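# Coordinate analysis (summary)
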Amino acid sequence: MIHLLITAAVFLCAQTSSAETVLWTQSMPSTMQIKPAVSLNNRVVYVGSATTLFALDSETGNVNWKVNVSLTSGTDSEPVIDRFGVLYVGTSNGIVGVNTKTGTVMKSFALPKRASCPSLLSHKNLLCSSSNDNKIYAVNAISMRMVWSYDLGYPTDATPIFSPDGGVVYVGNQNYMFAIHTANGTLKWKTPVDDFVCRAAGITPDGSVLFYGTNGGNLYATSTKDGSNIWTVKGLGSVWGVPAISLRLGRVYVGSWANDVYAFDIETGRKTWSQKIDQAIINSVVLNSQETRLMAAGRSGDLMFFNVTTGNMTRRLTLGGQVIPPTLSNRRSSTSRSMIFVAGGTMVDGISDDV
């Protein structure tokens, strides 16, 4: 049994074979604006509005703590947690580290303009964050001192992502997708794009291919070896979210502003199915842990579930308010049930997903 936690008042639901059951409800004081992050033991969910970060008990929805932080609002921005129990988020003027037990702001790294939620390279204690001052920054997570910065030439809100071995970090802006060496901040390659890369890229588990969409409506598959494009699909309508990748199914999935959800062959870019819906998908689509259902968060307040093989919509949950993409629970935990967490509007819901 998989549980789904959705942010918009807050309620946790259990899914039987035919209907969702509310397990708990927690009213939030303001609209949630960042993706939930889950603790390593799955017992705490961290969600945030524009001004406040909250820690919620994942079983009851009770608020453990809250702290005032001017968070960078971006519905695909997800905080990261290091092995020492520090949660890092992007803010309007840099990166802050928060104690996950107490909610105390422990440390910070100042930037002249807003920062994306950082990515964390745990074994090197390295944070990478992009900023609206045109740069990407690498910061030591222990000392919060800058290791290097690289000038991208144009602002970006996209969260950088690391290669599986941690040797390279990837980030896009209006002009290029960049690959930068994490050791020294030097450029490995850059490849032109047609328009803004609005979110992080997706990367295959072996680190060989990046998949990313653009505001101009293109979907790219790019070799991480040299930045060459393997294939490009055009005319999708703006694709802002991170693509969902399944090597088992051989497909990559995206949603678009043009009210469509797509599945493409991972090797060729050939469309395997598309589904027209009644609202824009402006964020990432997400596969459940069994890769049997694709979840798409609609701009008009619905969380929609699709059969990954046929594209048929199997379920729709109306939440109200813009829905933020789901976050899967940590699979390394053997002591807690598998869950999915999602945010949007002024609520948090939890729904079991019997597959």
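Criteria and cut-off values
- Residues numbered from 1 in each chain as written.
- Predicted model: local features only at pLDDT ≥ 70, side-chain atom pairs only at ≥ 80, totals over all residues.
- Heavy atoms only, no water.
- Buried < 20%, exposed > 50% of the residue type's maximum accessible area, 1.4 Å probe, protein only.
- Helix = DSSP H or I, 4+ residues; strand = E, 2+ residues; numbered from the N terminus.
- Salt bridge = Lys/Arg side-chain N within 4 Å of Asp/Glu carboxyl O.
- Contact = heavy atoms within 4.5 Å.

## Here we look at unusual backbone geometry
- Notably, N259 is not glycine yet its phi reads approximately 65°, a positive angle.
- Take N259: its relative accessible area is 22%, and that puts it in the partly exposed class.
- The phi dihedral of E291 falls on the positive side, at around 55°, and the residue is not glycine.
- Counting through the fold element by element, E291 comes out in the loop between strand 28 (285-287) and strand 29 (293-297).

## What to know about the pattern of salt bridges
- Under the counting rule described, the total for this entry stands at 6 salt bridges.
- Put simply, D278 and R316 hold a salt bridge, and the shortest N to O gap is 3.3 Å. Linking D278 in the loop between strand 27 (271-276) and strand 28 with R316 in strand 31 (residues 313-318), this pair joins segments that are 38 residues apart in sequence.
- Its relative accessible area of 33% is what places R316 among the partly exposed residues.
- Its salt-bridge partner being R316, residue D302 comes within 2.6 Å of it at the nearest N-O pair.

## Digging into the side chain of S246
- Tracing the sequence through the fold places S246 in strand 24 (residues 244-246).
- Not counting residues within four places of it along the chain, the set of residues in contact with S246 comprises R251, I266, L287 and E291.

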